[in-house]
Amino acid sequence: MNIINDYNEIKDEIIAIRRKIHQNPELSNDEFETAKTICECLDKYNISYKFPVAKTGICAFIGNADKGKTVLIRADMDALPVKEESGVDFSSKNDGVMHACGHDVHVANALAAAIILKKHEAELKGCVKIIFQPAEETDGGAEPMINEGILNNPDVDVAIGIHVTPLYPTGDMYFKEGPLMAAPDDFTLTFVGKSSHGAEPENGINPMNPASEFVLGIHKELAKEIDFSKNVFSVCTFNCGTSFNQIADTATLSGTFRSYDDKDRKACDRICREYAEKLCEKYNTKIKFAYSYRYPPLINDATVCKDVKAFAEKIFGKDKIKEFEKPLMTGEDFSYIAREVPSVFIWAGCGDENHPCVLHSANFYADENVIEKAVRLFVGYTFDYLNR
Ligand SMILES: [Zn+2]
Ligand SMILES: [Zn+2]
């Protein structure tokens, strides 16, 4: 079996599908046309699948669970509310929506892997599930897909996800055992004051004052219990007032807390609320406070991570396989899968020196040569693992 040759046979078709999905991006939980494109491809190659799972999700099956273990390969498929400025000739036709996180490439990776694994199905000693999940960027599609049973019947032994990033050149892959991506919690805090004429502040209560003090003072409060060498807290929005001569009724802040420990998450929730309440006493305001516990942190299984990394070193060479020095502060709902079964999440460079960019930006650009790398790892490792 030669995965590079297998991939080259379907490369044009896979690139065309990737570009079609790039050109027709869909927001989280609205990936109906994307799912249709994927199902059509699975049908063409006679790959069985379940659809819908969690609204727009797909779970494809290859191999035979009676013969051995089960590997799960995961792709996400939603786009972002970003207006594309990448300049590629297959730019988004859906104004204000863009595949700026590379999930179109993830779909291509997983589809190509599915087609090649199907071609060699008779040689597989076990089962492969390939999932295409909705809504990674918002509510999370992994958890509802788990609730609909994707990890059972047959039970999954190992799960793998790959995320592309233009930060690193194509060919480089980054691994890390243990904590890899943070819990991306968020909060919204509204101070409720009383509006008045700007010339007569004595008749009102300006909610901007406690809100400003909160922005400037909260880190010091949080730092009494939370170690900021391992966690990040940012206030990211401040909305108050519409007119230069009117004191507003309310000031609303929102932001995010990135962490790896439930104890820190609870502490952040409590300290923000207590500090805001203290400011209310000082400024005679009231608050509305909501803290959202979102995705859990993504923890890579040490054994699986070592195993996949060693395999990647064998096929790509040690110089291409890198190690993150510390956990990232971004979030990922693959964490729900990693919480249930031994898993590894890998970052694969898709950077092109002629298109410098970052994830989630309007000029996001992915070097499509990353697809071959991802496919070699997905298919190669799956065979290696199942046929031991
Ligand atoms: Zn993203
Ligand atoms: Zn992403």
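### What to know about the overall build of the chain
For the chain, the helix and strand inventory stands at nine helices and 16 strands. Relative to its length of 388 residues, the chain is compact, with a C-alpha radius of gyration of 24 Å against a globular reference of 21 Å. Its C-alpha atoms give the chain principal-axis dimensions of roughly 80 × 45 × 40 Å. Counting every position in the chain, which comprises 388 residues, the buried fraction comes to 46%.

### A short note on the sheet that holds strand E15 (residues 321-323)
Here eight strands make up an open sheet; going across it, the order is E1-E2-E4-E3-E5-E16-E6-E15 and the pairing mixed. Each of the sheet's edge strands pairs with one partner strand only, and the pair in question is strand E1 (48-53) and E15. Between one strand axis and the next, the sheet turns through 25 degrees on average, direction left out of account. Note that E1 and strand E2 (residues 57-63) share four bridges and pair antiparallel. Counterpart to Tyr49 in the pairing with E2 is Ala60. Of the strands in this sheet, E2, strand E3 (69-76), strand E4 (126-133), strand E5 (158-169) and strand E16 (343-351) touch helix H3 (residues 103-119), which is tilted by about 150 degrees from E3.

### Re helix H5 (residues 208-222)
Compared with an ideal rise of 1.5 Å per residue, which puts 15 residues at 21 Å, H5 spans 21 Å between its outermost C-alpha atoms and is within 8% of the ideal. Along H5, the sharpest kink reaches roughly 45 degrees, centred on Leu216. When H5 is considered as a whole, its buried residues turn out to be Pro210, Ala211, Phe214, Ile218 and Leu222. On its buried face, H5 is in contact with strand E8 (183-192), strand E10 (232-240), strand E12 (250-259) and helix H6 (262-283).

### Some thoughts on the environment of Asp307
Tracing the backbone through its elements, the reader meets Asp307 in helix H7 (residues 302-316). C-beta crowding within 10 Å serves as the criterion here: with 17 such atoms nearby, Asp307 is assigned to the partly exposed category. Spatially, the C-alpha atoms of Asp307 and Asn152 are 23 Å apart, while their sequence positions differ by 155 residues.

### Thoughts on the nonpolar core
Counting 84 residues, the largest nonpolar core has Leu111, Ala112, Ala113, Ala114 and Val375 as its most contacted members. In this structure, Phe187, Ile218, Cys272 and Leu279 belong to the second largest nonpolar core, which totals 18 residues.

### Side note on the packing of helix H2 (residues 32-44) against H3
Describing two packed helices takes the angle between their axes plus the distance from one axis to the other. Look at H2 against H3: their axes get within 11 Å of each other, and the N-to-C directions meet at 15 degrees. The orientation of H2 with respect to H3, classified from their angle, is roughly parallel. Between H2 and H3 lies a crossing of right-handed hand. Touching Thr34, Ile38, Cys41 and Leu42 of H2 are Val107, Leu111 and Ala114, all from H3.

### A word on the domain arrangement of the chain
Many analyses report the size of an interface as the accessible area lost when the parts associate. Here the chain is described as being made up of domain 1 (3-181 + 297-386) and domain 2 (183-292). The straight-line distance from the C-alpha centre of domain 1 to that of domain 2 is 38 Å. Of the residues lining the interface, five residues belong to domain 1; the matching set on domain 2 comes to five residues. Of the residues belonging to the side of domain 1 that touches domain 2, the class tally is four nonpolar, one polar and no charged.

### Digging into the environment of Pro356
Here Pro356 lies in the loop between E16 and helix H9 (370-386). Owing to 11 C-beta atoms within 10 Å, Pro356 belongs among the exposed residues under this scheme.

### Examining the pairing of E5
Across four bridges, E3 lies against E5 in parallel orientation. If you follow Arg74 over to E5, its bridge partner there is Gly161. In this sheet, E16 lies alongside E5 in parallel orientation, the contact comprising eight bridges. Bridge assignment links His163 to a residue of E16, and that residue is Trp347.

### Some thoughts on the environment of Pro144
Tracing the backbone through its elements, the reader meets Pro144 in helix H4 (residues 142-147). Taking the C-alpha atoms as reference, Pro144 lies 9.5 Å from Gly57; in sequence the two are 87 residues apart.

### Some remarks on the pairing of E3
In regular strands, side chains alternate between the two faces of the sheet. Here E3 lies mainly inside the structure; seven of its eight residues are buried. Taken together, the eight bridges between E3 and E4 define a ladder with parallel strand orientation. Note that in E4 the partner of Ile73 across the bridge is Ile130. As a crossover connection, the stretch from E3 through H3 into E4 is right-handed.

Rules used in this analysis
Residue positions are counted from 1 within each chain, in the order its sequence is given. Lettering for chains starts from A, numbering for ligands starts from 1, and both go in the order in which the items are written. With the structure being a predicted model, the display of local features is reserved for residues of pLDDT at least 70 and the display and counting of side-chain atom pairs for 80 or more, all residues being used for whole-chain, interface and lining totals. Numbering of helices and strands starts at the N terminus; helices are DSSP runs of H or I of at least 4 residues and strands are runs of E of at least 2. As defined in this context, the radius of gyration uses C-alpha atoms, and a globule is described by 2.2 Å times the residue total to the power 0.38. With C-beta atoms placed from the backbone, the exposure class of a residue follows from how many other C-beta atoms lie within 10 Å of its own: 20 or more, buried; 12 or fewer, exposed; in between, partly exposed. DSSP calls a pair of strands paired once it identifies at least 2 bridges connecting them. Note on geometry: axes are C-alpha line fits, over the in-contact stretch for helices, and angles between N-to-C directions span 0 to 180 degrees. Contact between two residues is assigned when their C-beta atoms, built from the backbone, lie within 7 Å. Any helix carries an expected span of 1.5 Å times its number of residues minus one. Throughout, the bend at a residue refers to the angle made by two axes, fitted to the seven residues ending there and to the seven starting there. By our criterion, buried Ala, Val, Leu, Ile, Met, Phe, Trp, Tyr and Cys residues that link up through C-beta atoms within 7 Å make up a nonpolar core. An angle below 35 degrees is read as roughly parallel, one above 145 as roughly antiparallel, one from 65 to 115 as roughly perpendicular, and any other as oblique. In this scheme the handedness of a crossing depends on how the near helix is turned from the far one: anticlockwise by less than a right angle means left-handed, clockwise means right-handed. For every domain, the bounds stem from an assignment made automatically or drawn from a database. In this classification, the charged set is Asp, Glu, Lys and Arg, the nonpolar set is Ala, Val, Leu, Ile, Met, Phe, Trp, Tyr, Cys and Pro, and all remaining amino acids, among them Gly, are polar. By definition, the crossover connecting two strands over a helix is right-handed if that path, from the first strand to the second, turns clockwise as seen with the strands pointing away from the viewer.

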